[in-house]
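Here is how the chains run, residue by residue.
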Amino acid sequence: MQDLENIVTRAAAEFAAASDPASLENAKAKFLGKSGELTALLKQLGSLAPEEKKSFGQSINTAKQQIEVALDSRRKDLEQKKLESRLSGEALDVTLPGRGRSRGGLHPISRTWQRIEEIFGSIGFDVADGPEIETDWYNFTALNNPENHPARSMQDTFYVDMKDSGGLPLLLRTHTSPMQVRYARMHVQQFRDKAAKCPPIKVIAPGRTYRVDSDATHSPMFHQVEGLWIDEDISFADLKGIYVDFLRRFFESDDLQVRFRPSYFPFTEPSAEIDLQFASGPLKGRWLELSGAGQVHPQVVRNFGLDPERHIGFAFGSGLERLTMLRYGIDDLRLFFDGDLRFLRQFS
Ligand code: DAH
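Residues numbered from 1 in each chain as written. Predicted model: local features only at pLDDT ≥ 70, side-chain atom pairs only at ≥ 80, totals over all residues. Heavy atoms only, no water.

Draft legend 1. Inspection of the overall build of the chain at higher detail. Regarding its fold elements, the chain presents eleven helices and nine strands. Principal-axis analysis of the C-alpha atoms gives the chain an extent of 130 × 50 × 40 Å. With 348 residues in all, the chain has 40% of them scored as buried. Accessible surface, the chain as shown: approximately 19700 Å² in total, 51% of it carbon and sulfur. (Helix = DSSP H or I, 4+ residues; strand = E, 2+ residues; numbered from the N terminus. Buried < 20%, exposed > 50% of the residue type's maximum accessible area, 1.4 Å probe, protein only. Areas by Shrake-Rupley, 256 points an atom, 1.4 Å probe, with all protein chains shown as cover.)

Structure, rendered in structure tokens:
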């Protein structure tokens, strides 16, 4: 009996000392396991006289139950402790203020893009979009820029490995001008199918363009907007009127220094470059070339699918980065693509 009480007391003490489920199970094995202390006493029962056997057996059972109760209660304690520590570890302080999201803003080039669409949209220009990976034909040949013509070298670009394009010469477009041909041909086709008179072509096509160029006013990827207006009586004077009006609205000023400078492009005759003077910022007073422009060359009008004796008009291609630099007085175009939030935040 003494032994049994002693075993129960020691078992309870060891269970209480077990600080995790594994050591509790080890402690249990020490008393109730196959070679545990209580099991050893049970094995002795066989050698006792029947009377003793009965009372000793009962005492062992009672002791076993007491040990099991102690074990069970310690198990529950440990589980409870585990739960409590998990809960306190994962506790959320619901009284903390939320982590606010900072306000996003449009990139300055996107703002320019939107303004251009708004301004030209308001005077009846359609907005078109086309592929940045272009065929050699649309980018050069259709624009009166034949293979091996020296004018091609003004626009070096990135070529797609011919093995991947099934032999069709592909390149990253060097300007948005191929959109003149794509849009015009689609437009002409559409009305030819309906046997109707072809209405004027009046479109802008903003988008990304690529060249092997990199300095403060050139980036290998940049944006242009192409403009095209073809009808039966659209002249260079219309180009000047429309373009200067666009600039006045874009820069919200009537006091702009604009200059049309004679130039050469294979797809226009006559051709001009349009320059604007910086009115503010570190480059104040300097001229920046904004745009190429001109009266569309008869060969290009023919490539549109139209008769150059009857259809005439103008085209222009302007740099969105250049427009943005002039609008905000920025002196280095590479700032647009560095992703520096200190720069970008100034526009949001
Ligand atoms: N595509 C020319 C360039 O990127 C710019 C240009 C010149 C566009 C004359 C035109 C144009 O539409 O008529 O340098």
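From this point on, the discussion continues.
Draft legend 2. Spatial organisation of unusual backbone geometry. Cis geometry is found at the peptide bond from glutamate 269 to proline 270, where omega equals 0 degrees. Summarising the element assignment, proline 270 is placed in strand β7 (residues 268-277). Unlike most non-glycine residues, asparagine 144 shows phi in positive territory, near 60 degrees. Its place among the elements puts asparagine 144 in the loop between α6 (136-139) and β3 (170-172). For glutamate 252, which is not glycine, the phi dihedral falls at a positive 50 degrees. For glutamate 252, the location among the structural elements is in the loop between α8 (236-251) and β6 (258-265).

Draft legend 3. View of the side chain of histidine 223. Mapped onto the elements, histidine 223 comes out in strand β5 (residues 221-231). Discounting chain neighbours no more than four positions away, the residues touching histidine 223 are Ile109, Trp113, Gly207, Arg208, Thr209, Ser318, Gly319, Leu320, Glu321 and Phe337. (Contact = heavy atoms within 4.5 Å.)

Draft legend 4. Up close: the site of the ligand. Around the ligand there are 16 residues in total, and His175, Ser177, Arg211, Gln224 and Glu226 lie nearest to it. Residue histidine 175 places a side-chain N or O atom 2.8 Å away from a nitrogen atom belonging to the ligand. Between an oxygen atom of the ligand and a side-chain N or O atom of glutamate 226, the distance comes to 2.6 Å. When the free accessible area of the ligand is taken as 350 Å², the share hidden by the protein chains comes to 94%. If you list the elements that add at least two residues to the shell around the ligand, you get β5, β8 (287-296) and β9 (312-319). Taken together, the residues that form the shell around the ligand break down as five nonpolar, nine polar and two charged. (Near = heavy atom within 4 Å. Polar contact = N/O pair within 3.5 Å; in protein donor to acceptor, adjacent residues only side chain to side chain. Nonpolar A, V, L, I, M, F, W, Y, C, P; charged D, E, K, R; others polar.)

Draft legend 5. Representation of the sheet that holds β6 within the structure. Strand order in the open sheet made by the seven strands is β1-β4-β5-β9-β8-β7-β6, with mixed pairing throughout. Of all strands in the sheet, those with a lone pairing partner are β1 (126-127) and β6, marking the two edges. Here β5 pairs with β9 via eight bridges, running antiparallel. The partner of glutamate 226 across the bridge, within β9, is glycine 317. Set on the sheet, helix α5 (residues 108-122) makes contact with β1, β4 (201-210), β5 and β9; between it and β4 the angle comes to about 170 degrees. (Pairing = 2+ DSSP bridges. Axes fitted to C-alpha atoms, helices over the stretch in contact; angles between N-to-C directions.)

Draft legend 6. Highlighting the packing of α5 against α8. Axis separation between α5 and α8 bottoms out at 10 Å; the angle between their running directions is 130 degrees. The orientation of α5 with respect to α8, classified from their angle, is oblique. α8 is crossed by α5, and the crossing has right-handed handedness. Here Thr112, Arg115, Ile116, Ile119, Phe120 and Ser122 of α5 come into contact with α8, specifically with Ile242, Phe246, Arg249 and Phe250. Residue composition of the contact of α5 with α8, by class: six nonpolar, two polar and two charged. (Parallel < 35°, antiparallel > 145°, perpendicular 65-115°, else oblique. Left-handed = near helix turned anticlockwise from the far one by under 90°.)

Draft legend 7. How the structure looks around the nonpolar core. Core analysis: the largest hydrophobic core is formed by 35 residues, its most contacted members being Ile116, Phe120, Tyr243, Phe246, Leu247, Phe316 and Leu323. Of all the elements in the fold, those that place two or more residues in this core are α5, β5, α8, β7, β8, β9, α10 (320-328) and α11 (341-344). Tallying contributions element by element places α8 first for this core, with seven residues. Listed in part, the 23 residues of the second largest apolar core include Ala142, Ala184, Ile230 and Ala315. (Core = buried A, V, L, I, M, F, W, Y, C linked by side-chain atoms within 4.5 Å.)

Draft legend 8. Region of interest: the packing of aromatic side chains. Scanning the model with the defined rule gives 16 aromatic pairs in all. Centre to centre, the rings of phenylalanine 125 and tryptophan 229 are 6.0 Å apart; their planes meet at 75 degrees, and the pair counts as edge-to-face. Residue phenylalanine 125 is located in the loop between α5 and β1, and its partner tryptophan 229 is located in strand β5; the two are separated by 104 residues in the primary sequence. Aromatic rings pair up to connect Phe120, Phe125, Trp229, Tyr243, Phe246, Phe250, Phe251, Phe314 and Phe316 into one cluster. The ring of tryptophan 287 has arginine 259 lying over it, and the distance from NZ or CZ to the ring centre is 4.2 Å. Above the face of the phenylalanine 250 ring, arginine 327 is positioned so that its terminal group lies 5.7 Å from the ring centre. (Phe/Tyr/Trp six-rings, centres within 6.5 Å; stacked < 30°, edge-to-face > 60°. Lys NZ or Arg CZ within 6 Å of the ring centre and 35° of its normal.)

Draft legend 9. Main features of the domain arrangement of the chain. Looking at the chain, the domain boundaries give domain 1 (2-90) and domain 2 (108-347). Between the C-alpha centres of domain 1 and domain 2 there is a distance of 89 Å. (Domains from an automatic or database assignment.)

Draft legend 10. A look at the environment of glycine 329. Its location among the elements puts glycine 329 in the loop between α10 and α11. Among the residues examined, glycine 329 registers a relative accessible area of 11% and is labelled buried. With 48 residues separating them in the primary sequence, glycine 329 and glycine 281 have C-alpha atoms 4.2 Å apart. Setting aside its immediate chain neighbours within four residues, glycine 329 contacts Phe278, Ser280, Gly281 and Pro282.

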